Amino acid sequence: MSKEDKQAVAGLIADGLGGEPYYGIVVIEDGVIERMIKTGTSQHDLETMAIDIELAQAELESAQAELESAHAELESALADLQSAVSDKGGALHITRAEKAIIAPGFVDLHVHGGGGADVMDADKEQLAVMIGHHLRHGSTSIVATTMTAPKADIEKALATVETFRCTSPLGGAIIGVHLEGPFISPVYPGAQNPSHIAAAHADWIEDWNARHPGLLRILTLAPETEGAEKTIRTAVSHGIVAACGHSNATYDMMQSAIGWGVTHSVHCCNGMRPFHHREPGVVGAILLHAELSTELIMDGHHLHPASSDLVRRVKGNRVCVVTDAMRASGMPDGEYTLGDLDVNVREGIARLKEDGSLAGSTLTMQSALAELIRQHGLALHEALPHATSIPAGIIGAADKGRIEAGAAADLLLLDPAAYTVQEVMLGGSWIGVEGS
Ligand SMILES: [Zn+2]
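Residues numbered from 1 in each chain as written. Predicted model: local features only at pLDDT ≥ 70, side-chain atom pairs only at ≥ 80, totals over all residues. Heavy atoms only, no water.

A. Up close: helix α10 (residues 365–376). When the terminal C-alpha atoms of α10 are compared, their 16 Å separation across 12 residues agrees well with the 16 Å that a helix rising 1.5 Å per residue should span. The buried fraction of α10 amounts to 9 of the 12 residues, a majority that puts the element mostly inside the structure. Listed in full, the buried residues belonging to α10 are M365, Q366, A368, L369, E371, L372, I373, Q375 and H376. Taken from the residues just after α10, G377 is the one with a positive phi, measuring 60°. (Helix = DSSP H or I, 4+ residues; strand = E, 2+ residues; numbered from the N terminus. Expected span 1.5 Å × (residues − 1). Buried < 20%, exposed > 50% of the residue type's maximum accessible area, 1.4 Å probe, protein only.)

This is the structure in structure tokens:
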């Protein structure tokens, strides 16, 4: 492509910021959204209208006329754009989103593995498998998540992610690392191996951040762990989000932790001291304090639908969905490992062999979004921010998870009824999604 070339993705756009979908054009230059051209606001979709037998004939006809005029306006705006670009000696590469909604790529803050691979494998080829799997299911911004493991194993994983990020064509999909442990509570280890739990070491965070500047984005720890205050303050001073998780903290302890700089909490309700009316615990602190954002594992197993609905209603735009996926995501049922623990996967549910604890999920962000829409009865544009702009905002990635001027050209074409991902654009390039 020459310097003057641009790309245009035209159709019905859901911006990821919660706005109602509109017809328009995403104009892209050098992997970045240069500007948006809004051409119409028709909410109607011919495919869905045609099957809605309740819709009165007159209403159907007027909706059809509205839709046709929105399409005509879109085509004329495309023609104008094409001549403006060619006047400057460039070419316009057009993608029309037909029978699809244009949405920003998903942002997954918590993902251990997928496609049979895991971040802790510390292997570049395995990482490519995992990233490829989640990318094909729409996650264009992935925070690769480590486990509670020996220090040397975590360091190997960090080095591998860093190399992959800088050298692989898919490296742009990794926007950092989420350290889940090893500074967690032995009372709530979940599927983290308790024998690798360590007291909180601020010096490890200093060292890892110095070796890999900008790589660490989230540190999940239990704030009641010895050394936590200094470690939290150190993380925050380097721009790393301090998150509470796998924690037995009391409500009072959580208030202190917020004072030290904790602003996020992982997989709400899972692996933490629950709410009790005389000891509101970690869950009570998350629900009450706007300073704390949180995550939901929307797989229909980690949370009762009423629990996830309660958290979303109370937390509003401070809650995101995550996959917390382990290596069996996208794989058949069978026997797997998570860290160095054995896991059985039956009907897509991963459990530790030893005690039956849930051991991560087999989700993709595409299925987490569909579950959120289905369970909570939301429209696509209402649910979408929880998978895009909200998680991006939690880690301060202001150019991700949104369709607006200046944002990264990470786009999806989504099926408007099944919410499945048809096409994925990463940094201005369409990647193949076949075989997903
Ligand atoms: Zn966890």
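B. Seen up close, the side chain of E371. For E371, the location among the structural elements is in helix α10. Take E371: its relative accessible area is 15%, and that puts it in the buried class. Polar side-chain contacts of E371 include one of 2.7 Å to the side chain of R374. Discounting residues that sit within four places of it in the chain, E371 has contacts with M298, D299, G300 and H376. (Polar contact = N/O pair within 3.5 Å; in protein donor to acceptor, adjacent residues only side chain to side chain. Contact = heavy atoms within 4.5 Å.)

C. Structural detail: the environment of D309. Residue placement: D309 occurs in helix α9 (residues 305–315). On the basis of relative accessible area, D309 is assigned to the buried category, the value being 16%. Sequence spacing of D309 and L296 is 13 residues, and the spatial spacing of their C-alpha atoms is 9.9 Å.

D. Region of interest: the domain arrangement of the chain. When its domains are assigned, the chain resolves into domain 1 (6–103 + 418–431) and domain 2 (106–400). Look at where the C-alpha atoms of domain 1 and domain 2 centre, and you get two points 34 Å apart. The partner domain 2 presents 18 residues to the 17 residues of domain 1 that form the contact. Inspection of the domain 1/domain 2 interface yields 0 salt bridges. Remark: the boundary between domain 1 and domain 2 carries 3 residue pairs in polar contact (both at pLDDT 80 or more). Among the elements of the structure, β4 (92–104) and β19 (421–426) are those that each provide at least two residues to the side of domain 1 that touches domain 2. Considering every element that reaches the side of domain 1 that touches domain 2, the biggest residue donor is β19, with 4 residues. (Domains from an automatic or database assignment. Salt bridge = Lys/Arg side-chain N within 4 Å of Asp/Glu carboxyl O.)

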